[in-house]
Amino acid sequence: MARPVESGGMVMEGPIGERIRIYRRRRGLSQRELAELAGRSESWLSQVERGIRSVDRLSVLVDIAKILKTDVETLSGRRMEFAPNGDPELDGMERVREALSAYPALLGSGPVVADLADLDQLTVEAHRRYQAADYGSAARILPSLITTIDSAVAQATGDELRRALVIQHQAYVATAKLVTKVGDGRLAWVAADRAVTAALRLDSPILKAAAAYQLASAFYRFDRGAEGERIAIETAESFTDDSPMGLSVRGALFLITSVMAGRRSDRVASAERLGRARQLAETLGHDGNHGWTGFGPTNVAIHEVSAAAELGDAQLAISIAEDVDTSGLPEGLRSRRAQVHIDTAWAYAQHRNDSAVVINLMEAERVAPQTLRYNIIVREMLRELLKRERKSATPGLRPLAQRSGVLH
């Protein structure tokens, strides 16, 4: 193993080369291609990946992380001291973790106090808070909801059991969404897996498909992107249901796989899946929120911006974003509305138009403040802007970075 090297206040050791190699292969890049994109020689990269030498400049590591569509901390294996781009902890997440490991049905819990109607309403509220990007409120609802609905499922029979299982499925879908957004992949996988289990007990194809979406998202967050993409695309292609919720779930699956394909630079697959989602949205005929998917023509357009930004087609992303009108989205979908501005900011960042980046991020913050704090790409953009800061050109940058948890 190469001797640890101090660089920018961070110790980087030999295993960093192994991480670069793994992420490079996941992106489908050769050593030559990655080296050229990073402005280094193929020989240099080969030595880094074999542990013969270290990455001696933090700026080079930042560039490699951007190319590989990951963050610096993932490649380095260490938290950064300045402008951290690791996941900030959300208040209430510790209680969510405890609830996911409680297993009240195995501990002889007492009678369920809450009525199923009350639990159903709490589940609805958790989804609403999540879609409004009010992650803290969602995190406060979920712990007691999880343990109570698990107890209810353990004790219910007949029709009451089926009703309890539907609520349990929806509660774990909401939990998986939240943990995927602000937590870690392992916990997201646990929540998604329990949603799958509830759907299997109900033998409901549509709930299985909805759970598969969360499982795919969790796998992607858990560095098992290929497996997550496979689950999502196979489910989308095999699942047939022409109801509004069925069309929405299938469309959501095609949308997430289009972005996944974009992240590994597969333009053909990304475009084909976007096209299939667009057809489903046209069949649906309106911007809906069936099954808490937020699916419809506008959401497809938002994902077109995301896919273009992922593929590095900055000008295309900006052009599409200019025509996106989010006013038709269902009430409460603040995170979706904010995403357009985040992706537009990313496209402008690729053009190094720093003032446009800040303007779009500030608009995203106005729509849904918490989205910035828990978005990896946003934190990396802000860190890059801080490196080349020109105070006269980007006067709102530092306050924005502080509010987003990037600058302390």
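Remember, predicted model here, so these are calculated numbers, not experimental data.

Remarks on unusual backbone geometry
Residues other than glycine seldom take positive phi values, yet Asp203 does so here, at roughly 50°. Within the element layout of this structure, Asp203 appears in the loop between α10 (185–202) and α11 (205–221). With a phi close to 60°, Arg352 is a non-glycine residue in the positive phi region. Here Arg352 lies in the loop between α17 (334–350) and α18 (354–367).

With respect to the environment of Gln31
Relative to the assigned elements, Gln31 resides in helix α2 (residues 31–38). In the structure, Gln31 is positioned 10 residues away from Ser41 in sequence and 9.1 Å away in space, judged by C-alpha atoms. There is a polar contact of 2.8 Å between the side chain of Gln31 and the side chain of Glu49.

Side note on the packing of helix α8 (residues 135–155) against helix α9 (residues 158–182)
Any two packed helices are characterised by how steeply their axes cross, that is the angle between the axes, and by the distance between the axes. In contact at an axis separation of 9 Å, α8 and α9 are set at 145° when each is read in the N-to-C sense. Viewed along their axes, α8 and α9 form a crossing whose handedness is left-handed. On α9, the residues that touch Tyr135, Ala138, Ala139, Leu142, Leu145, Ile146, Ile149, Asp150 and Val153 of α8 are Leu161, Ala164, Leu165, Ile167, Gln168, Ala171, Tyr172, Ala174, Thr175, Leu178, Lys181 and Val182. In terms of residue class, the contact of α8 with α9 is made up of 17 nonpolar, two polar and two charged.

Quick look at the side chain of Gln214
Relative to the helices and strands, Gln214 is located in helix α11. Beyond its immediate sequence surroundings of up to four residues, Gln214 is in contact with Val173, Ala176, Lys177 and Ala192.

Some points on the packing of α11 against helix α12 (residues 225–238)
At a minimum axis separation of 7 Å, α11 and α12 run at an interaxial angle of 160°. Between α11 and α12, the interaxial angle falls into the category roughly antiparallel. As α11 packs across α12, the resulting crossing turns out to be left-handed. Taking contact as the criterion, the partners of Ala209, Ala212, Leu215, Ala216, Phe219 and Tyr220 in α11 are, on α12, Gly225, Glu227, Gly228, Ile231, Ala232 and Thr235. By residue class, the composition of the contact of α11 with α12 is eight nonpolar, three polar and one charged.

With respect to the side chain of Arg24
Relative to the assigned elements, Arg24 resides in helix α1 (residues 15–26). Among the residues examined, Arg24 registers a relative accessible area of 7% and is labelled buried. At a separation of 2.8 Å, a polar atom in the side chain of Arg24 contacts the main-chain carbonyl oxygen of Leu29. Those residues in contact with Arg24, other than ones at most four positions away along the chain, are Leu29, Ser30, Gln31, Leu34, Leu45, Glu49 and Leu68.

As for a negative patch on the surface
Residues Asp115, Asp118, Asp159 and Glu160 make up a contiguous surface patch of negative charge. The residue Asp118 is located in helix α7 (residues 116–131) in this model.

Overview of the pattern of salt bridges
Inspection of every chain in the model, using the stated rule, returns 14 salt bridges. The partner of Glu125 in a salt bridge is Arg128, with the nearest N and O atoms 3.8 Å apart. Of the two residues, Glu125 and Arg128 both sit in helix α7, three residues apart, roughly one turn of that helix. Assessed through its relative accessible area of 22%, Glu125 is described here as partly exposed. A salt bridge links Glu272 to Arg276, with the nearest nitrogen and oxygen atoms 3.5 Å apart.

So, the nonpolar core
Ile149, Leu178 and Leu361 are the most contacted members of the largest nonpolar core, which totals 108 residues. The element that contributes the greatest number of residues to this core is α9, accounting for 12 residues. Here Ile149 is in contact with Leu116, Leu119, Ala164, Ile167, Gln168 and Ala171, once residues within four sequence places are set aside. Membership of the second largest hydrophobic core comes to 20 residues, among which are Ala38, Leu45, Leu61 and Val72.

Topic: α9
If you check α9, its first and last C-alpha atoms are 36 Å apart, about what 25 residues at 1.5 Å a residue would give, namely 36 Å. Taking burial as the measure, the 25 residues of α9 include 18 buried ones, the bulk of the element.

About the cut-offs
- Residues numbered from 1 in each chain as written.
- Predicted model: local features only at pLDDT ≥ 70, side-chain atom pairs only at ≥ 80, totals over all residues.
- Heavy atoms only, no water.
- Helix = DSSP H or I, 4+ residues; strand = E, 2+ residues; numbered from the N terminus.
- Polar contact = N/O pair within 3.5 Å; in protein donor to acceptor, adjacent residues only side chain to side chain.
- Axes fitted to C-alpha atoms, helices over the stretch in contact; angles between N-to-C directions.
- Left-handed = near helix turned anticlockwise from the far one by under 90°.
- Contact = heavy atoms within 4.5 Å.
- Nonpolar A, V, L, I, M, F, W, Y, C, P; charged D, E, K, R; others polar.
- Parallel < 35°, antiparallel > 145°, perpendicular 65-115°, else oblique.
- Buried < 20%, exposed > 50% of the residue type's maximum accessible area, 1.4 Å probe, protein only.
- Patch = residues over 30% accessible without salt bridge, like charges linked within 9 Å, V, L, I, M, F, W, Y side chains within 5 Å.
- Areas by Shrake-Rupley, 256 points an atom, 1.4 Å probe, with all protein chains shown as cover.
- Salt bridge = Lys/Arg side-chain N within 4 Å of Asp/Glu carboxyl O.
- Lys, Arg positive; Asp, Glu negative; His and termini not counted.
- Charge placed at Lys NZ, Arg CZ, Asp CG, Glu CD.
- Core = buried A, V, L, I, M, F, W, Y, C linked by side-chain atoms within 4.5 Å.
- Expected span 1.5 Å × (residues − 1).

Just distances and angles here, no functional claims.
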